[in-house]
Amino acid sequence: MAHLSPPSPAAAGPAKRSARPAAKPPESSGSGHTPPPGWHARIDPAPLLPEPEPYRLLGTPAARDLDPALLCRLYEELVRGRRYNRQATALTQQGRLAVYPSSTGQEACQVAAALALRPQDWLFPSYRDTLAVVARGVDPVQALTLLRGDWHTGYDPRARHVAPLCTPLATQLPHAVGLAHAARLAGDDTVALAMVGDGGTSEGDFHEALNFAAVWRAPVVFLIQNNGFAISVPLEKQTAAPSLAHKAVGYGMPGRLVDGNDAPAVHQVLTEAIERARTGGGPTLVEAVTYRIDAHTNADDATRYREAAEVEAWRAHDPIDLLERELRDRNLIDDARTKAVADGAEELAARLREEMNADPVLDPMELFDHVYADQTAQLREQAAQLRAELDAEEDR
């Protein structure tokens with residue numbers, strides 16, 4: 001069931017977008033019929049159109065101009081992220097995590113998103129974006145607490161400006177728009193980056209968020225990680241659009257199309273979109289074409305809806321391999337350096353195993369903390385009922 005193949009090579013740099021000449025209105029036939037009074041195209045759609053093919057940098061001459069320090073940082077985070085995915089998946093098999101949506105194969109999107117933000121900016125992740133949360137600076141163990149079922153979020157969103165991992169599809173997008181709009185009204189130098197999967201683009205929240213963001217010119221960037229499937233539903237059964245990036249034009253914002261496995265390309269496109277938003281240019285919709293190598297979650301059997309050959313084709317377009325090849329070609333890393341990076345990733349995995357294998361001490365009354373700033377009457381009633389039940393168990 002081949003539906004999404006690795007991006008074909010494209011020329012380095014964004015595609016040039018020539019403005020289309022405005023259509024000349026037809027002359028009146030003399031029958032008395034005239035165009036709608038005062039109608040005109042509100043904006044020229046040509047500059048909003050995405051690239052004809054996913055933008056890429058690795059393997060092109062433009063890659064030689066990339067910052068070596070940035071490339072090395074991206075590589076380290078990719079390797080750490082891959083090991084994090086594998087360890088978290090193993091923890092589900094051991095019963096230490098209730099569920100884990102792996103992002104193996106999508107690490108470049110996650111890492112680039114986190115590194116493109118400034119400290120004052122906000123990240124709004126979906127449930128699959130744990131790596132972006134960790135790369136943003138959230139404690140790796142705390143980032144898994146929600147998926148363990150121990151806490152509402154597991155980390156303080158304000159500490160690193162990272163919203164809670166969002167399980168309902170696309171509901172984080174209107175939240176991102178609201179925060180960005182409020183920041184603009186307050187004169188704050190803040191941009192919100194909202195991450196969503198291709199499946200989330202079929203939700204009403206996605207369309208409402210894009211519409212409000214464009215009308216308000218909110219400083220927000222939407223990153224679609226198009227990994228080919230909404231659980232088992234392939235992209236072609238969700239949309240007939242030329243690409244998901246083309247959806248941007250209907251809302252009056254630019255659409256960008258990028259190779260989601262090319263970490264520096266994703267970083268560059270997001271950085272440009274973030275700075276455009278920061279300087280009053282409004283929102284941008286970015287589609288990163290990538291692939292989910294693992295199943296949707298540990299509860300999913302991906303072999304029921306996709307062919308092994310398709311997965312193997314995308315393994316050959318692995319984001320770590322693509323970046324490591326560039327680094328070696330430029331003599332920026334050697335075997336000793338790659339081993340040191342891998343050893344650091346193993347230390348992270350060991351810490352995850354140690355802390356996640358310890359049985360947590362939980363207080364059921366914490367269920368009612370941080371739901372609302374001021375508890376509602378219903379919550380107070382429920383809390384009192386639970387408190388009475390816990391007291392009764394202690395008296396037995």
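Residues numbered from 1 in each chain as written. Predicted model: local features only at pLDDT ≥ 70, side-chain atom pairs only at ≥ 80, totals over all residues. Heavy atoms only, no water.

For the protein chain, the name recorded in an unreviewed UniProt entry is Pyruvate dehydrogenase (Acetyl-transferring) E1 component subunit alpha, with Streptomyces silvisoli as its organism. Of the protein chain, the UniProt comment under Cofactor (unreviewed entry) reads exactly: "thiamine diphosphate". (UniProt positions renumbered as here; feature names shortened; annotations may be inferred.)

> Just to check I follow, could you spell out the overall build of the protein chain for this structure?
From N to C terminus, the protein chain includes twelve helices and seven strands. Along the three orthogonal principal directions, the C-alpha set of the protein chain runs to about 95 × 60 × 45 Å. Burial analysis of the protein chain (396 residues in total) assigns 49% to the buried set. Taking contacts inside the protein chain between residues at least 6 apart in sequence as the whole, the part at least 24 apart equals 78%. Split by element, the accessible area of the protein chain, about 19,400 Å² in all, is 52% carbon and sulfur. Here the protein chain carries 40 positive and 55 negative side-chain charges, and the mean point of each set is 5 Å from the other. (Helix = DSSP H or I, 4+ residues; strand = E, 2+ residues; numbered from the N terminus. Buried < 20%, exposed > 50% of the residue type's maximum accessible area, 1.4 Å probe, protein only. Contact = heavy atoms within 4.5 Å. Areas by Shrake-Rupley, 256 points an atom, 1.4 Å probe, with all protein chains shown as cover. Lys, Arg positive; Asp, Glu negative; His and termini not counted. Charge placed at Lys NZ, Arg CZ, Asp CG, Glu CD.)

> Would you mind showing me how to read the layout of surface pockets here?
Empty space among the atoms becomes apparent when a probe as large as a water molecule is rolled across them. One number sums up the size of the largest pocket: a volume of about 580 Å³. Residue lining of the largest pocket: 21 residues in total, with Thr153, Pro157, Ala163, Pro164 and His370 positioned closest to the centre. Those elements that place two or more of their residues in the lining of the largest pocket are strand E1 (122-124), helix H5 (157-160) and helix H6 (172-186). Sorting elements by how many residues they give to the lining of the largest pocket places H6 first, with three residues. Along the lines of polarity and charge, the residues of the lining of the largest pocket split into twelve nonpolar, seven polar and two charged. (1 Å grid on protein atoms, 1.4 Å probe; cavity = no way out; pocket = protein on both sides within 12 Å on 5 of 7 lines; lining within 4 Å. Points joined across faces, edges and corners; volume = space filled by probe spheres on them. Nonpolar A, V, L, I, M, F, W, Y, C, P; charged D, E, K, R; others polar.)

> Can you walk me through the nonpolar core in this structure?
The tendency in soluble globular proteins is for nonpolar side chains to be buried side by side. In this structure, Tyr84, Leu144 and Leu270 are the most contacted members of the largest nonpolar core, which totals 62 residues. When sequence neighbours within four positions are dropped, the list of residues in contact with Leu270 reads Ala112, Ala113, Ala116, Leu193, Val221, Leu223 and Val286. One finds Ala170, Ala176, Leu210 and Leu285 within the second-largest nonpolar core, a separate group that totals 25 residues. (Core = buried A, V, L, I, M, F, W, Y, C linked by side-chain atoms within 4.5 Å.)

> Looking at this model, I keep getting lost on the sheet that holds strand E7 (residues 284-289). Mind explaining?
Within a sheet, adjacent strands bond to each other through the backbone by hydrogen bonds, running parallel or antiparallel. Judged by pairing direction, the sheet is parallel, and its five strands sit side by side in the order E1-E2-E3-E7-E6 without closing on themselves. Lying at the two open borders of the sheet, with one neighbouring strand each, are E1 and strand E6 (255-259). Strand-to-strand twist across the sheet, computed as the mean angle between neighbouring axes with direction ignored, equals 20 degrees. Summarising the sheet, E6 and E7 pair through five bridges and their orientation is parallel. Pairing of Leu257 across the sheet is with Glu287, part of E7. (Pairing = 2+ DSSP bridges. Axes fitted to C-alpha atoms, helices over the stretch in contact; angles between N-to-C directions.)

> Explanation requested: the UniProt feature "domain: Dehydrogenase E1 component" (unreviewed entry) in the protein chain in the structure shown.
According to UniProt, the "domain: Dehydrogenase E1 component" (unreviewed entry) feature falls on residues 85-346. Along residues 85-346 one finds 41% helix and 12% strand; the C-alpha atoms at either end are 12 Å apart.

> Help me understand the pairing of strand E2 (residues 192-197), please; the structure alone is not making it clear to me.
For a regular strand, the rule is simple: side chains alternate between the two faces of the sheet. Counted residue by residue, E2 has five buried out of six residues, so it is predominantly covered. As judged from the three bridges shared by E1 and E2, these two strands associate in the parallel manner. Across the sheet, the residue bridging to Phe124 is Ala194, located in E2. Strand direction decides the pairing type here: E2 and strand E3 (residues 220-226), joined by six bridges, are parallel. Note that in E3 the partner of Met195 across the bridge is Leu223.

> Even after reading the chapter, I still don't get the packing of helix H1 (residues 68-93) against helix H10 (residues 319-329), so can you show me in this structure?
The description of two packed helices rests on the angle between their axes and on the distance between the axes. H10 packs onto H1 with a crossing angle of 150 degrees between their chain directions and a minimal axis gap of 10 Å. For H1 against H10, the interelement crossing comes out left-handed. Of H10, the residues touching H1 (which contributes Leu71, Cys72, Leu74, Tyr75, Leu78, Val79 and Arg82) are Pro319, Ile320, Leu323, Glu324 and Leu327. (Left-handed = near helix turned anticlockwise from the far one by under 90°.)

> It is not clear to me how the pattern of salt bridges should be interpreted in this structure. Could you clarify?
Side-chain pairing between opposite charges can occur once the charged atoms of the two side chains come close. This model, assessed by the stated rule, comprises 22 salt bridges. Note that Glu77 is salt-bridged to Arg73, the shortest N-O span being 3.4 Å. Remark: Arg73 and Glu77 occur in helix H1; sequence separation between them is four residues, near one turn of the helix. Since its relative accessible area comes to 35%, Arg73 is described here as partly exposed. Here Asp318 and Arg82 are joined by a salt bridge, their closest N and O atoms 2.9 Å apart. Pair noted here: Asp318 is in the loop between helix H9 (308-315) and H10 and Arg82 is in helix H1, with a separation of 236 residues, a long-range link. For Asp318, a relative accessible area of 12% corresponds to the buried category. Residue Arg82 is classed as buried on the basis of its relative accessible area of 10%. One connected set of salt bridges, linked through shared partners, spans Arg118, Asp121, Asp189, Glu275 and Arg278. (Salt bridge = Lys/Arg side-chain N within 4 Å of Asp/Glu carboxyl O.)

> Looking at this structure, I do not really get empty space enclosed by the protein. What am I missing?
In total, this model carries two cavities of 30 Å³ or more according to the counting rule given. Quantified by volume, the largest cavity comes out at close to 60 Å³. Together, Glu77, Arg80, Gly81, Tyr84, Val111, Leu131, Val134, Ala135 and Leu348 line the largest cavity. Taken together, the elements giving at least two residues each to the lining of the largest cavity come down to H1 and helix H3 (130-135). The element that contributes the greatest number of residues to the lining of the largest cavity is H1, accounting for four residues. Of the residues belonging to the lining of the largest cavity, the class tally is six nonpolar, one polar and two charged. When its volume is computed, the second largest cavity comes out at roughly 30 Å³. What lines the second largest cavity is simply Gly105, Asn261, Tyr291, Ile293, Trp314, Arg315, Asp318 and Pro319. Partitioning the lining of the second largest cavity into residue classes produces four nonpolar, two polar and two charged.

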